[in-house]
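# Notes for the structure review
As a plain string of letters, each chain reads:
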Amino acid sequence: MRSSPLPLRSIFLLPPLLFLLAFYFHPLLQILLLSNTAEFRGQPLSPAHLLESSVYLRVIWFTFWQAALSTLLTFLLALPGAFIYARYDFRGKKVLRAASTVPFVLPTVVTAAAFRALLGANGLVNTWLMELLSLQHPPIQIEQTVAFFLLAHVFYNYTLVLRIVGEYWSRIDARAGEAAAMLGASPRQIFFRVTLPLLTPAIASSALLVFIFCFTSFGIILLLGGPGQTTIEVEIYRQAVHLFNLPMAASLSLIQILFNFGLMWLYVRIGRKSPLSFFADSFPMRTRPPRRLGEKVFLAANLIVMFLLLATPLLALITASFTDQNGFSTLYYLTLFTNQSGSVFAVPAGQAICNSLFFALATTVLALVLGLSATTALSSPRIPGQALMETLILLPLATSAVTMGFGFIVTLNRPPLDLRDSLALIPLAHSLVAFPFVVRCLLPALRSIPHALREAAAVLGASPGRIWYHVDMPLTARAVAVGAVFAFSVSMGEFGATSFIARPHTPTMPVAIFRFLSRPGDMNFGQAMAMSSILMLVTIIGFLVLEKLTPAKS
Amino acid sequence: MAPLEIQDVSLATKEEILLAGISLTIGEGEILALLGPSGAGKTTLLRLVAGLEQPDRGRILFHGQDISGTPPHQRSFGMMFQEYTLFPHRDVAANIAFGLEMQKMERHRRDKRISEVLELVGLHGFDRRTVDSLSGGERQRVALARCLAPRPHLLLLDEPLASLDLQLRERLANEIRAILKRMAITAIFVTHDQSEAFAVADRIAILHEGRLEQCATPEEIYRCPASSVVASFLGFRNLLPPDTDDIQELLAVKDAWPAHIRAAAGNQEAMLLIRPDAATLTGQSPQGPDAIILDGVVERRRFQGRFYQLTIAVKSHRLIFDMPPEPLPPGPGEAITFRLDPAAIALLSS
């Protein structure tokens, strides 16, 4: 057998490698260099010194503290939910199952807008209470408090825990529990001696995931938190955009990157022990309807919590978008498309919808090209260093959006890559996140194709190119489509990186929502609601397409 | 008083009847096999006895006491499952210790008991092994040891060997019987494999579509299947309706047919069973006056190792027999004259 030193397919690794080098590692290196020039009150300040400064120690402490508290609160609410999800059959469970993915995929700015619509100073609950009790001031003053964004974090991560722990739970409990019962264990003993120990990997891994999400949470805290509540992400943004202290922002970015990598490394290590993923649900459940009164009450209480936590903010968002002082109105939607004097934009805000669609399409194309290129190489056997390449490609997923956005503005502003005013900047940044997603969708599909199929095609006379076209592509069409929808959705909702690089005259929808929400006045608030509702609709449609594309598992 | 009495137990879902009026009694120290095809209700019946399910109707008595209201963990029954119910977060010894911990047994007595049962199932020294490091056969031995350790009053085994390969299954079936007999334990053993049931059980209860078809010793079941359902489940293929003309002709010609079978001629309900081991070549055995001799043509002869399987056309019927390889039976197309053993012919209710 002849074996060539490097198969032809390995040249397909080149485009994704160059892309990562230019738009990921290069900015990272710049951040590293820049952080060495940081000064604080005229004193040089390396990241190590930063840790000694009490201000920044407080920022780091607050970041950890809020993430831990968010995780704890999420689990307090979601564990009982996971139990009923795993154990009981009830009406509407299928709807709940489908709908429970919605909060998780909503763009952060939409979530922030929805919570403002529900509980903000001019939100629905306050408006109703003021009318009902004839009050002069809103009775619920939760805006700019820690409680407000903690609530939004719980909203975000509740369904994640529900799905991961719930699915895991439904897979282990039945027979192990029965075996324990037959050995004389009471239901209580079964829970503490068997179920809980078996659930530990799922709980640990989902808790770490929730912690990571909350640790790098940016849009939610920026929009719902108060001035004193600064996490590392928000502080990077403040230093870079408001104070223009780039070296300081770089130092903080470096710290954030180190924490992110550390947390991700931990997550991957834990994940090896419990091979679970958020979308994997291929195991049958043994469920039954609740029988005793206690069970029914418990189920009902959980469903009420789910409704209040997950549904009411989104309903409030839609309601607020259609309500002005005089009741039902489409005013906020209509004004999105007219050029208003005194508006926060130079162009009609509706333009942001077109911008977002354009950027999302460009991102999808770029991410698909890079993804197909990378997976074509990675799925063929006998290419060395595949594991390393895979890790490199997935690295951007372990990097916070804010540090990537910051990396872009300090790197791509001078030759050879002066992209300051280029429309390409946003699709490039979005592709950095979308392209690893595409790889994650495609690689398993490509690897599941038996290599014998390609050999059979070759023996029948197909050239490598035609094998790819006639064998690989048709068998992975569905995965390609899933990856495309993912890339599109990621781009539509991305806020962290975009907030650094969006030009004033070409805002994306999340950036527009952020600007509306940062300004006072009913009109700005209403338009934020309208724009958020549209973005939510687009996201949900994207997700419905995904559900259709993912084969139903029986 | 029998340790376990199942009295007229029924269970149904909205879609189908799972168990229809099952009554069974199990004697002290007896091993009863529940045998039947999948979906027959064997496992459901076992889970009712365990208390993991509740019957719609009927009672289950343990030493004369109705145990319907007793939850599974207070019944002191042991149960061995088909596969994968060892606790993955505990090692071998800790798995076996579980039931003993539930009994609050002191540590040193517990450790002693663990080595006793490990010795019993032939896994001496496996204490600290993790569950994943065990082979399928070792896992099931540990599962058995875990059930036996708390000295259950009744042992329930739900297809414990189904996930193992054939050789191992045969060996473990024999070992399980030996261990249960040594401990004089009363047990119910669910299986869909008749040879496994024959190897393990004192008595066999055959279930079909939620009904009890027959409950008897293996010998009785083999010799006299109670119904055509039982006969076809045991793999018997020579089942003839005795009311057809040519069977009547067969019966009439041969005075040698047993009287009760001749009497059944014309009975619409009955079925005639001729077991595969009923036929011998006429040259082989002395022919008495009461011998049943039949003539036919061999359609197919298949070598099966210990015997030849012959398909023989007798008038319009096709009968299948196992015949010894020596002397060589006639081949396809050749005429054959053979003798039927009257003891290998049974009359079944349909």
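### Here we look at the overall build of chain B
Counting secondary structure elements, chain B contains 10 helices and 18 strands. Within the span of chain B, comprising 350 residues, buried residues form 51% of the whole. When the accessible surface of chain B is totalled, it reaches about 16,100 Å², and 48% of it is carbon and sulfur.

### Brief notes about the sheet that holds strand S2 (residues 17–26) of chain B
Strand order in the open sheet formed by four strands is S2-S1-S4-S5 (chain B), and the pairing between neighbours is antiparallel. Strand pairing shows two members of the sheet lacking a second neighbour, S2 and strand S5 (65–66) of chain B, which therefore form its edges.

### Structural notes on the packing of aromatic side chains
Using the criterion set out here, one finds 34 aromatic pairs over all chains in the structure. Ring plane angle 80 degrees and centroid distance 6.5 Å describe the contact between Phe115(A) and Phe148(A), whose orientation is recorded as edge-to-face. With Phe115(A) in helix H6 (residues 108–119) and Phe148(A) in helix H8 (residues 146–182), this pair connects stretches of sequence that are 33 residues apart. With respect to class, Phe115(A) is no different from Phe148(A); both count as buried. Between Phe437(A) and Phe486(A), the aromatic rings sit 4.9 Å apart at their centres with planes inclined by 10 degrees, giving stacked as the arrangement. Of this pair, Phe437(A) sits in helix H18 (residues 425–447) while Phe486(A) sits in helix H20 (residues 464–493), and the two are 49 residues apart along the sequence. Each residue in the set Phe83(A), Tyr88(A), Trp169(A), Phe191(A), Phe192(A) and Phe298(A) is aromatic and connected to the rest through ring pairs, giving one cluster. The lysine or arginine in question, Arg146(B), covers the ring of Phe87(B), its NZ or CZ lying 4.7 Å from the ring centre. A cation over a ring is seen here: Arg301(B) above Tyr308(B), with NZ or CZ 5.4 Å from the ring centre.

### Details of the layout of surface pockets
Put simply, the second largest pocket is a space of about 1,900 Å³. Lining of the second largest pocket is provided by 47 residues; of these, Arg87(A), Glu178(A), Arg288(A), Arg291(A) and Leu52(B) occupy positions nearest its centre. Sorting the residues of the lining of the second largest pocket by element identifies helix H3 (54–87), H8, helix H9 (187–215) and helix H13 (293–321) of chain A together with strand S1 (4–12) and helix H1 (42–50) of chain B as the ones contributing at least two each.

### Side note on the side chain of Ser329(A)
Residue and element names in this part refer to chain A. Take Ser-329: it is sitting in the loop between strand S4 (327–328) and helix H14 (331–335). With a relative accessible area of 11%, Ser-329 lands in the buried category. Here the side chain of Ser-329 touches Asp-324 through a polar contact of 3.4 Å, side chain to side chain.

### Here's the deal with the pairing of strand S4 (residues 57–62) of chain B
Residues and elements named next belong to chain B. Where S1 lies against S4, five bridges are found, and the strand directions are antiparallel. If you follow Gln-7 over to S4, its bridge partner there is Arg-59. In the sheet, S4 pairs with S5 via two bridges, with the strands oriented antiparallel. Along S5, the bridge assignment pairs Leu-61 with Asp-66. Counted between consecutive antiparallel strands, the loop separating S4 from S5 contains two residues, among which His-63 sits at a positive phi close to 50 degrees.

### Section: the interface of chain B and chain A
Between chain B and chain A, the contact holds 24 residues from the first and 18 residues from the second. Viewed at the interface, chain A and chain B are joined by two salt bridges. Note that Glu178(A) is salt-bridged to Arg47(B), the shortest N-O span being 2.5 Å. Those elements giving two or more residues to the side of chain B that touches chain A turn out to be H1, strand S6 (77–80), helix H2 (92–102) and helix H4 (136–148) of chain B.

### Brief notes about the environment of Ile221(A)
Residue and element names in this part refer to chain A. With respect to the secondary-structure elements, Ile-221 resides in helix H10 (residues 219–224). As a C-alpha pair, Ile-221 and Arg-447 span 226 residues in sequence and 40 Å in three-dimensional space. In contact with Ile-221, other than residues within four places in its own chain, are Gln-66, Phe-149, His-153, Gln-229, Thr-231 and Val-234.

### With respect to the domain arrangement of chain B
Residues and elements named next belong to chain B. As far as domains go, chain B holds domain 1 (4–233) and domain 2 (237–349). Contacts between the two partners involve eight residues from domain 1, matched on the other side by eight residues from domain 2. Together, the buried faces of domain 1 and domain 2 total about 650 Å²; carbon and sulfur atoms form 61% of this surface. Applying the counting rule to domain 1 against domain 2 returns zero salt bridges. Connecting domain 1 to domain 2 are one residue pair in polar contact (both at pLDDT 80 or more). The set of elements that each furnish at least two residues to the side of domain 1 that touches domain 2 consists of helix H7 (218–223) and helix H8 (228–233). Residue contributions to the side of domain 1 that touches domain 2 peak at three residues, all from H8. Its residues placed into classes, the side of domain 1 that touches domain 2 shows four nonpolar, three polar and one charged.

### Some thoughts on the nonpolar core
Residues Phe406(A), Phe408(A), Phe435(A) and Met531(A) are the most contacted members of the largest nonpolar core, which totals 163 residues. Within the second largest apolar cluster, 38 residues are counted, among which are Met80(B), Leu134(B), Leu161(B) and Leu172(B).

### Some words on the pattern of salt bridges
Evaluated as defined, the whole model comprises 26 salt bridges over all chains. We note a salt bridge from Arg238(A) to Glu235(A), for which the minimum N-O separation is 3.1 Å. Within this pair, Arg238(A) and its partner Glu235(A) are both found in helix H11 (residues 232–242), separated by three residues, close to a single helical turn. Taking relative accessible area as the criterion, Arg238(A) reaches 36% and is therefore assigned partly exposed. Between Arg90(B) and Glu101(B) there is a salt bridge, with the nearest N and O atoms lying 3.3 Å from each other. Here the residue Arg90(B) occupies a position in the loop between S6 and H2, and Glu101(B) occupies one in helix H2, the gap between them amounting to 11 residues. When sorted by exposure, Arg90(B) lands in the same class as Glu101(B), which is buried.

### With respect to the sheet that holds strand S7 (residues 154–158) of chain B
Residue and element names in this part refer to chain B. Read across the sheet, six strands follow the order S6-S7-S8-S3-S9-S10 without closing on themselves; strand pairing throughout is mixed. At either margin of the open sheet sits one strand with a lone partner, and together these are S6 and strand S10 (211–216). Strand after strand, the sheet turns through a mean of 15 degrees between neighbouring axes, direction not considered. The pairing of S6 with S7 spans four bridges and is parallel. In the strand pairing of S7, Phe-77 is matched with Leu-154.

### Observations concerning the packing of H11(A) against helix H17 (residues 401–411) of chain A
Residue and element names in this part refer to chain A. Remark: H11 packs on H17, axes separated minimally by 9 Å, with the N-to-C direction vectors making an angle of 20 degrees. Looking at the two axes, H11 sits roughly parallel to H17. Between H11 and H17 lies a crossing of left-handed hand. Side by side, H11 and H17 meet where Glu-233, Ile-236 and Ala-240 of the first sit next to Ala-401, Val-402, Thr-403 and Phe-406 of the second. Here the contact of H11 with H17 is built from residues that sort into five nonpolar, one polar and one charged.

### Remarks on a nonpolar patch on the surface
A cluster of nonpolar residues, Ile304(A), Phe307(A), Leu308(A) and Leu315(A), forms a patch on the protein surface that exposes about 400 Å² of accessible area. Take Ile304(A): it is sitting in helix H13.

### Examining H1(B)
Residue and element names in this part refer to chain B. With eight of its nine residues buried, H1 lies for the most part within the structure. Within the sequence span of H1, burial applies to Lys-42, Thr-44, Leu-45, Leu-46, Arg-47, Leu-48, Val-49 and Ala-50. Where H1 ends, the next residue or the one after it, Gly-51, has phi of about 95 degrees, a positive value.

### Here we look at unusual backbone geometry
Of note, the bond from Glu326(B) into Pro327(B) is cis; its omega dihedral lies within 30 degrees of zero at -10 degrees. Along the chain, Pro327(B) turns up in the loop between strand S16 (317–323) and strand S17 (335–340). Positive phi is not limited to glycine here, since Ser134(A) has a value of about 50 degrees. Topologically, Ser134(A) is positioned in the loop between helix H7 (124–133) and H8. Judged by relative accessible area, which is 60%, Ser134(A) ranks as exposed. Positive phi is not limited to glycine here, since His63(B) has a value of about 50 degrees. Overall, the relative accessible area of 37% leaves His63(B) in the partly exposed class.

Parameters and conventions
- Residues numbered from 1 in each chain as written.
- Chains lettered and ligands numbered in written order.
- Predicted model: local features only at pLDDT ≥ 70, side-chain atom pairs only at ≥ 80, totals over all residues.
- Heavy atoms only, no water.
- Helix = DSSP H or I, 4+ residues; strand = E, 2+ residues; numbered from the N terminus.
- Buried < 20%, exposed > 50% of the residue type's maximum accessible area, 1.4 Å probe, protein only.
- Areas by Shrake-Rupley, 256 points an atom, 1.4 Å probe, with all protein chains shown as cover.
- Pairing = 2+ DSSP bridges.
- Phe/Tyr/Trp six-rings, centres within 6.5 Å; stacked < 30°, edge-to-face > 60°.
- Lys NZ or Arg CZ within 6 Å of the ring centre and 35° of its normal.
- 1 Å grid on protein atoms, 1.4 Å probe; cavity = no way out; pocket = protein on both sides within 12 Å on 5 of 7 lines; lining within 4 Å.
- Points joined across faces, edges and corners; volume = space filled by probe spheres on them.
- Polar contact = N/O pair within 3.5 Å; in protein donor to acceptor, adjacent residues only side chain to side chain.
- Contact = heavy atoms within 4.5 Å.
- Salt bridge = Lys/Arg side-chain N within 4 Å of Asp/Glu carboxyl O.
- Domains from an automatic or database assignment.
- Buried area = accessible area lost by both parts, 1.4 Å probe.
- Nonpolar A, V, L, I, M, F, W, Y, C, P; charged D, E, K, R; others polar.
- Core = buried A, V, L, I, M, F, W, Y, C linked by side-chain atoms within 4.5 Å.
- Axes fitted to C-alpha atoms, helices over the stretch in contact; angles between N-to-C directions.
- Parallel < 35°, antiparallel > 145°, perpendicular 65-115°, else oblique.
- Left-handed = near helix turned anticlockwise from the far one by under 90°.
- Patch = residues over 30% accessible without salt bridge, like charges linked within 9 Å, V, L, I, M, F, W, Y side chains within 5 Å.

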